[in-house]
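So you can see what is in the structure, the chains are spelled out below.
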Amino acid sequence: MPKSRTLFGRPHETDIVAVDRAISEFRAGRPVLLRSGERLALALSAELADAGLVQRLDDLAGGTAHLVLSAARLRRLGAKGRAETGILAMPAIDLGRIENLALKIDGKVDAPVAPASEIDNAALELARLALVLPAVILVPVSAKAVAGEPLLEVSIEAVNAYRAAQAASLTIVGRAPVPLEGAPDTEFVVFRGGEGLRDQVAIIVGNPDLATAVPVRLHSACLTGDLFGSLKCDCGDQLRETVQWMAENEGGILLYLDQEGRGNGISNKMRAYKLQSQGWDTYDADEVLGFDLDQRHFDFAATMLKQLGVTSVTALTNNPLKVGAIKAAGLEVAATQRVLGRPNVHNVRYLASKRDRAGHFIDMDALMARAAPKD
């Protein structure tokens with residue numbers, strides 16, 4: 001009879017442990033063994049593929065390997081209108097071909113694109129969780145073929161359930177008063193779990209009345225804008241001005257979420273910035289890398305608010321995706337309020353793109369008037 005509990009807890013808890021380990025293996029450029037029923041396949045990050053390892057995988061594959069690519073990357077490769085993950089057969093695992101298909105700006109589809117299976121989609125989800133490019137080398141294998149190999153095995157069910165499990169497991173691990181410039185009555189509350197690879201933070205400014213609609217901003221971490229004052233975005237302005245507004249208006253809660261680069265991670269954000277410096281639009285740059293408009297999830301943010309006692313919010317955001325996510329998680333959105341940044345020659349195209357392509361509520365005329373010199 002199978003055990004109902006292990007040292008790590010019940011099955012759903014051990015699944016989280018297995019995926020945590022799988023993410024670490026994947027980010028280290030080592031293959032992970034995915035299981036779907038009786039099917040097994042080795043999944044390896046295409047961007048981290050090592051020549052020696054690829055040769056050994058090719059010997060093991062015997063012509064059965066394939067490359068899993070996101071719909072966004074396939075569209076950029078020439079598969080116009082593609083909306084689903086697809087695969088390309090790899091009779092030989094060729095690093096040059098992988099670079100063309102997964103990494104090159106001017107890469108092109110060079111073979112028929114076949115539909116992805118459940119195990120292919122789980123492999124791509126693992127890549128997204130690991131914050132590497134969404135391109136995976138997949139090698140179907142038998143248990144006998146990999147017997148004795150030091151591989152981490154994880155089920156596709158565990159991979160697919162990981163995000164929701166992490167959101168459900170959020171816990172407060174520390175809280176303390178942290179006086180801020182312009183907002184001395186502020187408390188930081190640290191949560192473990194949720195999205196990303198670090199802890200999540202709620203910043204409670206003042207003493208918001210939890211019996212009313214609490215002013216709330218969901219703010220995704222932006223190292224370049226928040227910390228270094230990058231002129232390429234408006235994130236730092238939104239962060240600091242939201243805290244100031246809350247301090248001056250009876251308080252509120254800002255959730256600082258580990259979702260750098262619209263959920264793509266700092267390394268992919270820098271890749272996108274490099275493409276933007278060459279003239280690409282922010283969303284086109286992400287699509288070249290294989291990402292859709294926005295990879296972020298906000299269900300765990302709603303869990304954080306609920307644990308803080310919030311049931312109704314005034315959402316301080318320009319992003320309709322955030323408003324929809326808060327509502328979908330069961331919280332009331334009593335009102336919304338725009339959060340203005342400062343336009344400049346470096347970010348005006350970025351702001352217009354967010355308005356035109358992602359539906360953000362941005363009034364460019366109001367922003368430009370705000371930036372105009374005062375008499």
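Rules behind the numbers
Residues numbered from 1 in each chain as written. Predicted model: local features only at pLDDT ≥ 70, side-chain atom pairs only at ≥ 80, totals over all residues. Heavy atoms only, no water. Helix = DSSP H or I, 4+ residues; strand = E, 2+ residues; numbered from the N terminus. Rg over C-alpha atoms; globule rule 2.2 N^0.38 Å. Buried < 20%, exposed > 50% of the residue type's maximum accessible area, 1.4 Å probe, protein only. Contact = heavy atoms within 4.5 Å. Areas by Shrake-Rupley, 256 points an atom, 1.4 Å probe, with all protein chains shown as cover. Lys, Arg positive; Asp, Glu negative; His and termini not counted. Charge placed at Lys NZ, Arg CZ, Asp CG, Glu CD. Pairing = 2+ DSSP bridges. Axes fitted to C-alpha atoms, helices over the stretch in contact; angles between N-to-C directions. Phe/Tyr/Trp six-rings, centres within 6.5 Å; stacked < 30°, edge-to-face > 60°. Lys NZ or Arg CZ within 6 Å of the ring centre and 35° of its normal. UniProt positions renumbered as here; feature names shortened; annotations may be inferred. Polar contact = N/O pair within 3.5 Å; in protein donor to acceptor, adjacent residues only side chain to side chain.

Colleague: Just checking my understanding: could you explain the overall build of the chain for this structure?
Modeller: Regarding its fold elements, the chain presents 14 helices and 14 strands. Against the globule reference of 21 Å for 375 residues, the chain gives a C-alpha radius of gyration of 23 Å, in line with a compact fold. With respect to the three principal axes, the spread of C-alpha positions in the chain is 70 × 55 × 30 Å. Here the chain, with 375 residues, has 49% of them falling under the buried criterion. Excluding contacts between residues fewer than 6 apart, the proportion of contacts in the chain whose partners are at least 24 apart in sequence is 65%. Looking at the chain as shown, the accessible area adds up to about 17600 Å², and 55% of this sits on carbon and sulfur atoms. Positive and negative side-chain charges of the chain, numbering 42 and 46 respectively, have mean locations separated by a distance of 2 Å.

Colleague: Looking at this structure, I do not really get the pairing of strand β1 (residues 32-36). What am I missing?
Modeller: Side-chain positions along a regular strand alternate between the two faces of the sheet. Among the five residues that make up β1, four are buried, leaving the element largely enclosed by the rest of the structure. Two elements, β1 and strand β2 (residues 39-45), share five bridges in a ladder whose sense is antiparallel. Each bridged residue has a counterpart across the sheet, and for Leu-34 the counterpart in β2 is Ala-41. Counted along the chain from β1 to the antiparallel partner β2, the turn is two residues long, and its residue Gly-37 has a positive phi close to 65°. Relative to strand β7 (residues 152-155), β1 is paired through four bridges, and the arrangement is parallel. Residue Leu-34 lies in a different strand from β7, and its bridge partner there is Val-154.

Colleague: Please explain the sheet that holds strand β5 (residues 114-115) as it appears in this structure.
Modeller: Strands in a sheet are paired, the pairing made by backbone hydrogen bonds, and the direction either parallel or antiparallel. Across the sheet, seven strands lie side by side as β5-β4-β3-β6-β2-β1-β7; this open sheet has mixed pairing. Strands at the two margins of the open sheet, each flanked by one partner only, are β5 and β7. Sheet contacts for helix α2 (residues 51-61): β2, β3 (65-69) and β6 (135-141); angle to β2, the most-contacted strand, approximately 160°.

Colleague: What is the right way to look at the packing of aromatic side chains in this model?
Modeller: Two aromatic rings are characterised by how far apart their centres lie and by the angle between their planes. Throughout the structure, instances matching the rule amount to zero aromatic pairs. Lying over the aromatic face of Tyr-273, Lys-232 brings its terminal NZ or CZ to 4.8 Å of the ring centre.

Colleague: Looking at this model, I keep getting lost on the UniProt feature "binding site: GTP" (unreviewed entry) in the chain. Mind explaining?
Modeller: In this numbering, the UniProt entry assigns the feature "binding site: GTP" (unreviewed entry) to Arg-217, Leu-218, His-219, Ser-220, Ala-221, Gln-238, Glu-260, Gly-261, Arg-262, Thr-282, Thr-317 and Lys-322. These annotated residues cover 106 residues of sequence, and their C-alpha atoms reach 22.7 Å apart at the extreme, placing them across more than a single site. Within the secondary structure, His-219 sits in strand β11 (residues 214-220). If we skip the residues at most four places from it in the chain, His-219 touches Asp-226, Cys-235, Gln-238, Leu-239, Leu-254, Leu-255, Tyr-256, Leu-257 and Lys-322. A distance of 3.2 Å separates polar atoms of two side chains, one belonging to His-219 and the other to Arg-217. Looking at where Glu-260 falls in the secondary structure, it is placed in the loop between β12 (252-257) and α9 (266-277). Owing to a relative accessible area of 9%, Glu-260 belongs among the buried residues under this scheme. Residues within four places of Glu-260 in sequence aside, it is in contact with Ala-221, Cys-222, Leu-223, Gly-265, Ile-266 and Lys-269. Reaching out from Glu-260, the side chain makes a polar contact with the backbone nitrogen of Leu-223 at a distance of 3.1 Å.

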